[in-house]
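Fold and geometry: a report
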Amino acid sequence: MAQTGIETCLAAPGPACVDLIAAALVELEKATVDPDRRAWAQLQLAGALAEGGQFDAAEQVLARMEDPPTSPGISDTAILNVITFLDAESLDRGLALLDQISDDGIHAIARAQHIAYLVEHGHLERAFADVVATDRSGLPLGFVGLDKLAVALIEADQIDTALRLVVENIPDDLSRRGALLRGLVVNRLDAGEITVAQDLMAHIVDPTWRIISNAQIGEALAQTGEMAAAEEAFALARSDLAALPNPDQRYYVFEAFARATLSAGRSDLAIAAISDVSTYRFDQVDAYDILAQMALSRGLDIDFNALLRVAMDTLEAGPSDGGDIGLRFDDHLGRLARTMAMSGDIDRAVDTLARIRDDERRTQDFSNVALSLVNTNQFEEALALLSTLEDLEAQARGLISLARAADLQGNADVSARARGIVLGLVEGPEWVPLSDYAISRLAELESSQGYYAIAENRLRFLEDTNLQRWGRIANLGFAALNGTPEEFQTYLAIAQEAVADLPDPADRQQLTSNLVIQLVYADRIDEALRIAHATEDAAARDAVFVTLASALSGNRNLTLAMAAADSVADPIQRQTYQRLVWISALRQSLGL
C-alpha cells in the first residue's frame, strides 16, 4: 500500500501526500552518509515545510540538524529560513527559534525578520518591546525590521519615537540613515500626508537623499495644486544639487530631480538644472537625452524633439576630433540616434548614425538601435532602420532577430518582410556571402516557422560543424513541437547522427543533454528516456538522466522525473536527484 501511495503522490501531489512525501525525504536523509549533504538536505526540507505552513514538522527537522565542519552555521541559516515564513499564530515560536541561533550575524538578520512579521501582523507594542528583549549582541536592528517598525510607529502618530529608533540603530552611517528616512518620506507621500513627509525630510542629513526627498515632496505638492510650495521644494533640491562636490553624484541625483519635475509638469525646472549638473558639454548632452527618454517612456506632453535639438546643438558646440573627444562625440551621436529612433524619427536617427566616422562603431550602433526598437515592439521602425544599414551581414542578423520577435508577437507581416529581405541577400541575383553564424540564425528562424527541410538544407553547407550540430538540435526541437510524426522522426535521426559523430565524449554528452531537453519541452518524454538509456558511456548516461530528472521536475512530470533519477548509477547523484524530485512533489502538495 505504501508503494502505491508513493506512486499516487508522484502522479498527483496534494495535501494528503504531505506526510508521506516528508517521510520519504526523511528516509533519504537517513541514507545520506556525507554530513554536509545531509545538512543541506535538511535545510531544504525545513524551508519547504515552513513555507507551506508546516511549522511543527519544520521544527522537527531543525531539532536533528548538526553543523558539519564544512558548513558552519547551516543550522542557524535553516532556523532563519523558518522564521521568515512564520504566520500570525506563531509569534512565540519565532521568539523561541530566535534564541536557538548561535551566530550573532545570523541572529541579527533573524531578529529583524521577527520584528518585521510582528509589525505585519499588527503587534506593534510587542514588536517595539522585542527590539530590546531580543538585543543579544548589541548589533543594530536590521533594515527590514527597522523600516517596518518605523513606518508602523509613524502611522500610529509616534513620529518622535520612530525617529529616535532610526537614529539609535543607524547612528553613524548618514547615507544609510538617509535612505531609510527617504523611504519613510515616500511612504507618507503615498498616504497623502505631505506635512508629515516634510517633517521627516527635515531629519535627513545626507545631501543625496535630502535632494531626492525634496524633489519628491515637490512632485506631490504640484499634484495637489500647490505649485508655489512645489517650486520652493524644487528650489531647495536644486540648491543642494548644485552644492554637491562630486559630479557623478550630481548626475545621479539629477535623474531623480528630473523625474519629479517632469511628473509635476515642470520640464522648465529640469532643463534649468542641467547647468548645475556639469559645465562639460558631453554631460549636458546626456542630461538632455535623459529628459527626452523620460518624456518618451512616460508619454508626457513635452516636446522631446526640441530637447533632442538642443542636445545636438550642445554636442556640436565643441570640437568633434582628437583622441578621447572624437570617441565621446561618436558615442553621443549613437545615444541621441537611439532616442530619435525610439521617438519614431527614423530618418533623423539614420542621418545621425551616418555621422559616426568609424565603420565598425557605426555598424554596432545601428545594430544596437535596431535591437532597442525590436525589444520595444517597434517593428516597423526597426525594419525601416535596418533597411538602410550598409553592412549586409549586420543587416541580415538584425532582420532575423526582428523576424523572430515579430513572430512571437503575432506580427506575421513584418516577419515575412524581414525574412524576405534576408532571402534576397542569400538567394537573390546579387548573392551576398553571409557568415555561418548568420546562416545558422536564418535556419533557426525558418525552423521556428515550420520550414524544417529548408533549414536543414542551409545547415548542410555550413563549414562550422559546431554551429551545424546546434542548428540541427534546434531544428529537431521545433519539429518535435510542431511537426508531423514523419518530420519529427526525420530530424530526430539527423540530430542524433550529428551528436554521435562528435569525437569528444564531453561534447557528445553536452549535446545529448541539450537534445533530450528539447524533447522534454515538446513533451516527447518517451523518446528522451529512450535516448538516455541508449547512451553507452556510464558517466555520460548519468549526466543525461540528471538533466532529464531536473527538466522533468520543472515540467511537473514527477513520475517520469523519478524514473530518470532512479536510473542514475552513481549513488550520491541518484540520492541528490531523487531528493530534488521529492522536494518538488512536496512543494506541489503544499500548494507552493
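Before any of the text, the structure's been laid out above.
Rules used in this analysis
- Residues numbered from 1 in each chain as written.
- Predicted model: local features only at pLDDT ≥ 70, side-chain atom pairs only at ≥ 80, totals over all residues.
- Heavy atoms only, no water.
- Axes fitted to C-alpha atoms, helices over the stretch in contact; angles between N-to-C directions.
- Helix = DSSP H or I, 4+ residues; strand = E, 2+ residues; numbered from the N terminus.
- Parallel < 35°, antiparallel > 145°, perpendicular 65-115°, else oblique.
- Left-handed = near helix turned anticlockwise from the far one by under 90°.
- Contact = heavy atoms within 4.5 Å.
- Nonpolar A, V, L, I, M, F, W, Y, C, P; charged D, E, K, R; others polar.
- Polar contact = N/O pair within 3.5 Å; in protein donor to acceptor, adjacent residues only side chain to side chain.
- Salt bridge = Lys/Arg side-chain N within 4 Å of Asp/Glu carboxyl O.
- Expected span 1.5 Å × (residues − 1).
- Buried < 20%, exposed > 50% of the residue type's maximum accessible area, 1.4 Å probe, protein only.
- Arc of directions from axis to C-beta.
- Core = buried A, V, L, I, M, F, W, Y, C linked by side-chain atoms within 4.5 Å.
- Phe/Tyr/Trp six-rings, centres within 6.5 Å; stacked < 30°, edge-to-face > 60°.
- Disulfide = S-S within 2.5 Å.

The next thing to look at is the packing of helix α7 (residues 104-120) against helix α9 (residues 143-155). Interhelical geometry of α7 versus α9 gives an angle of 30 degrees and a closest axis separation of 7 Å. Taken together, the axes of α7 and α9 are roughly parallel relative to one another. Crossing geometry of α7 relative to α9 is assigned as left-handed. Two secondary-structure elements touch here, α7 through Ala-112, Gln-113, Ile-115, Ala-116, Val-119 and Glu-120 and α9 through Val-144, Gly-145, Lys-148, Leu-149 and Ala-152. Split into classes, the residues belonging to the contact of α7 with α9 amount to seven nonpolar, two polar and two charged.

Before going further, it helps to spend a moment on the side chain of Ser-553. When you line up the elements, Ser-553 lands in helix α31 (residues 538-554). Within polar-contact distance, the side chain of Ser-553 engages the backbone oxygen of Ala-549 at 2.8 Å. In contact with Ser-553, other than residues within four places in its own chain, are Leu-558, Ala-561, Leu-580, Val-581 and Ser-584.

Turning to the pattern of salt bridges, a few remarks are in order. Considering all chains together, one arrives at 34 salt bridges under this definition. Arg-164 is the salt-bridge partner of Glu-168, the closest N and O atoms lying 3.9 Å from each other. Separated by four residues within a single helix, Glu-168 and Arg-164 lie in helix α10 (residues 159-169), roughly one turn from each other. For Glu-427, the salt bridge goes to Arg-458, with nearest N and O atoms at 2.7 Å. Taken together, the residues span a long stretch of sequence, with Glu-427 in helix α24 (residues 412-427) and Arg-458 in helix α26 (residues 452-460) at a distance of 31 residues.

All right, on to the packing of helix α29 (residues 505-521) against helix α30 (residues 525-534) then. Following both chains from N to C, one finds α29 and α30 inclined at 160 degrees, their axes separated by 8 Å at the closest point. One finds that α29 runs roughly antiparallel with respect to α30. Every pair of crossing elements has a handedness; the one defined by α29 and α30 is left-handed. Of α30, the residues touching α29 (which contributes Thr-512, Leu-515, Val-516, Leu-519 and Val-520) are Ile-525, Glu-527, Ala-528 and Ile-531. Considering only residue class, the contact of α29 with α30 consists of seven nonpolar, one polar and one charged.

Along the chain, Val-350 turns up in helix α20 (residues 346-354). Each C-alpha atom, one on Val-350 and one on Glu-463, is 35 Å from the other, the two residues being 113 residues apart in sequence. Contacts of Val-350, omitting those with residues within four sequence positions, involve Phe-366, Leu-385 and Thr-388.

Turning our eyes to something else, we now look at helix α18 (residues 304-315). In a regular helix each residue adds 1.5 Å, so twelve residues correspond to 16 Å; α18 covers 16 Å between its end C-alpha atoms and thus fits that length. Taken as a whole, α18 has its buried residues at Phe-304, Leu-307, Leu-308, Ala-311, Met-312, Thr-314 and Leu-315. All buried residues of α18 lie within an arc of 160 degrees about the axis, which places them on one face of the element. The elements touched by buried residues of α18 are α16 (267-277), α17 (281-298), α19 (324-342) and α20.

Below, the discussion takes up the nonpolar core. Membership of the largest hydrophobic core comes to 195 residues, with the highest contact counts inside it found for Leu-402, Leu-548 and Trp-582. Beyond its immediate sequence surroundings of up to four residues, Leu-548 is in contact with Val-516, Val-520, Ala-528, Leu-529, Ala-532 and Ala-564.

Applying the stated criterion across every chain, the model contains three aromatic pairs. On the numbers, 5.5 Å between centres and 85 degrees between planes, the contact of Tyr-280 with Phe-282 is edge-to-face. On the basis of relative accessible area, Tyr-280 is assigned to the partly exposed category, the value being 34%. Taking relative accessible area as the criterion, Phe-282 reaches 0% and is therefore assigned buried.

In this section: unusual backbone geometry. One non-glycine residue, Asp-157, adopts positive backbone phi at about 65 degrees. Inspection of the secondary structure assignment puts Asp-157 in the loop between α9 and α10. By relative accessible area, Asp-157 is classed as exposed at 66%. Unlike most non-glycine residues, Asp-523 shows phi in positive territory, near 60 degrees. Within the fold, Asp-523 resides in the loop between α29 and α30.

With that settled, consider the state of the cysteines. Enumeration according to the criterion identifies one disulfide in this entry. Linked covalently through their sulfurs, Cys-9 and Cys-17 form a disulfide whose S-S length is 2.1 Å. With the S-S bond torsion at -90 degrees, the cross-link from Cys-9 to Cys-17 turns out left-handed. Pair check on accessibility: Cys-9 and Cys-17 agree, each one buried.

Moving on to the environment of Asp-276. Here Asp-276 lies in helix α16. Residues Asp-276 and Asp-240, spaced 36 residues apart in sequence, show a C-alpha to C-alpha distance of 10.0 Å. Excluding anything up to four places from it in sequence, Asp-276 contacts Arg-238, Leu-241, Ala-242 and Arg-250.

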